[in-house]
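Here's the letter readout for the chains.
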Amino acid sequence: MAENSGLKLVDRDDHGIDRAFRADVLEGLRQNPKALPARWLYDDAGSQLFEDITKVPEYYPTRSEREILEARGAEFAASIGPGRAVVEFGSGSSVKTPLLLEAIDPAAYVPLDIAGDFLRAAAADLSAKFPSLPVYPVEADFMRRVELPEAVADIPKLGFFPGSTIGNMVPRTAVDLLRTMRETLGEGSQLLIGMDLVKDRAVLEAAYDDAAGVTAEFNLNLARRINRELGGTIPVGSFSHEARWNDDFARIEMHLVAQGDLSFEVAGEGFTMVKGETIHTENSHKFKRRSANTLLLAGGWTPVQRWLDSGERFSVVLAEATIPRTAP
């Protein structure tokens, strides 16, 4: 059952503009090369487009992760145990969440997301599926420490971060987020996290540039959002979507590529671009076992178990909050 209509922790100005969104966009467009944080792709429209991406044939991560969640329920239950409050970071439509909740017998569910309308609709749907489970949706930017509802303060926590969203961040940002998650969840908490794996370049590039163009629309939606929310004049039709494999950093990069010289304004500030110049909108880092473990350990989490899908394309890792130590 939904215990409230959703806490709102997004900082907005008197005109309803998300201050952090405006600051990140202006800072990113001033850079050379231009780059914007991937989390801003996920407004309500972007969140729906991402759900559409998960259904295209080229996009394997969702199917691979669902396979793990469906097949390993008994092992999750044994390793996690009952009675935890599941806190999902960037919950989106929560389509994978029922698979976990059915397996582990949780005490409560707390979805966190910055797309408020999408969040509350998904929370209501999940409440209908689990009428005896308390659900506390929180509209918040989980990149910062989040104050969880008081109702779950004394319940041990399980963080749930599916979809390999951690791969969207450069390592230093990913480590910062993992540390922030640990602060949000507290001592004695666990984290169940999806981490995509390094594989053939053609498979990776196709997954982020599907033939139907859904990922392109998802990428271009960020420009539309900037125009809508920040008074932008970005000529959306003058950009194209591009996905690139960067082997040096083991990541897929998404870019908006200018098709000609152009100029535009955002929040009253002017910007110019030349033909071929890009706005770098997303990274999707891919991992091997050692790089995944190193990242988690740096973020304050000790890996304790790891599961792969049958094609060994994707991993789900269970980690425990590392007890602070002053020596190696």
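Residues numbered from 1 in each chain as written. Predicted model: local features only at pLDDT ≥ 70, side-chain atom pairs only at ≥ 80, totals over all residues. Heavy atoms only, no water.

1. With respect to the pattern of salt bridges
Side-chain pairs of opposite charge can arise whenever the charged atoms involved come near each other. Rules: Salt bridges, as used here, are contacts in which a Lys or Arg side-chain nitrogen is within 4 Å of a carboxyl oxygen on Asp or Glu.
Inspection of the entire model under this criterion finds 21 salt bridges. When the shortest N-O distance is used, the salt bridge between Arg 224 and Glu 217 registers 3.3 Å. Each of Asp 24, Arg 39, Asp 141 and Arg 144 takes part in salt bridges that share partners, so that together they form one network.

2. Points about the packing of aromatic side chains
The test is simple: Only centres within 6.5 Å qualify two rings of Phe, Tyr or Trp (six-membered ring in Trp) as a pair; their planes then separate them into stacked at under 30 degrees, edge-to-face at over 60, and tilted for everything else. By the criterion adopted, a ring carries a charge over it if an Arg CZ or a Lys NZ lies within 6 Å of its centre and within 35 degrees of its normal.
The tally for this structure, following the rule as stated, stands at 11 aromatic pairs. Among the aromatic residues, those joined into a ring-pair cluster are Tyr 42, Phe 50, Tyr 59, Tyr 208 and Phe 218. Positioned over the ring face of Phe 21 is Arg 225, at 4.2 Å from the centre of the ring.

3. Structural notes on the packing of helix α2 (residues 44–53) against helix α9 (residues 214–230)
Put simply, the rule is: Under this scheme, a helix contributes an axis fitted over its contacting stretch, all axes are lines through C-alpha atoms, and angles between N-to-C directions fall in the 0 to 180 degree range. Only DSSP runs of H or I with at least four residues qualify as helices, and only runs of E with at least two residues qualify as strands; both kinds are numbered from the N terminus onward. For classification, angles of less than 35 degrees are called roughly parallel, those exceeding 145 degrees roughly antiparallel, those between 65 and 115 degrees roughly perpendicular, and all remaining angles oblique. Each crossing gets its hand from how the near helix is turned against the far one by less than a right angle, where anticlockwise is left-handed and clockwise is right-handed. Residue contacts are defined here by distance: any two heavy atoms, one from each residue, within 4.5 Å place the two residues in contact. Gly is put with the polar residues, along with every residue not named as nonpolar or charged; the nonpolar set is Ala, Val, Leu, Ile, Met, Phe, Trp, Tyr, Cys and Pro, and the charged set is Asp, Glu, Lys and Arg.
One way to put it is that α2 packs onto α9 with a least axis distance of 9 Å and a crossing angle of 165 degrees. Classed by the angle they form, the pair α2 and α9 counts as roughly antiparallel. For α2 against α9, the interelement crossing comes out left-handed. Residue-level inspection shows Ala 45, Gly 46, Leu 49, Phe 50, Asp 52 and Ile 53 of α2 in contact with α9, the latter providing Val 214, Thr 215, Glu 217, Phe 218 and Asn 221. Residues of the contact of α2 with α9, tallied by class, amount to six nonpolar, three polar and two charged.

4. Looking at the sheet that holds strand β2 (residues 34–35)
Our working definition: Here a strand pair is declared whenever DSSP counts at least two bridges between the two strands.
Reading across the sheet, the four strands line up as β2-β12-β9-β8 and stay open at both edges, with mixed pairing between neighbours. One side of each edge strand has no neighbouring strand; the edge strands of this open sheet are β2 and β8 (239–246). As defined by bridge partners, β8 adjoins strand β9 (residues 251–258) across eight bridges and the pair is classed as antiparallel. Bridge pairing in β9 links Arg 244 to Glu 253. This element, α9, spans β8, β9 and β12 (278–285) of the sheet and lies at about 65 degrees to β9.

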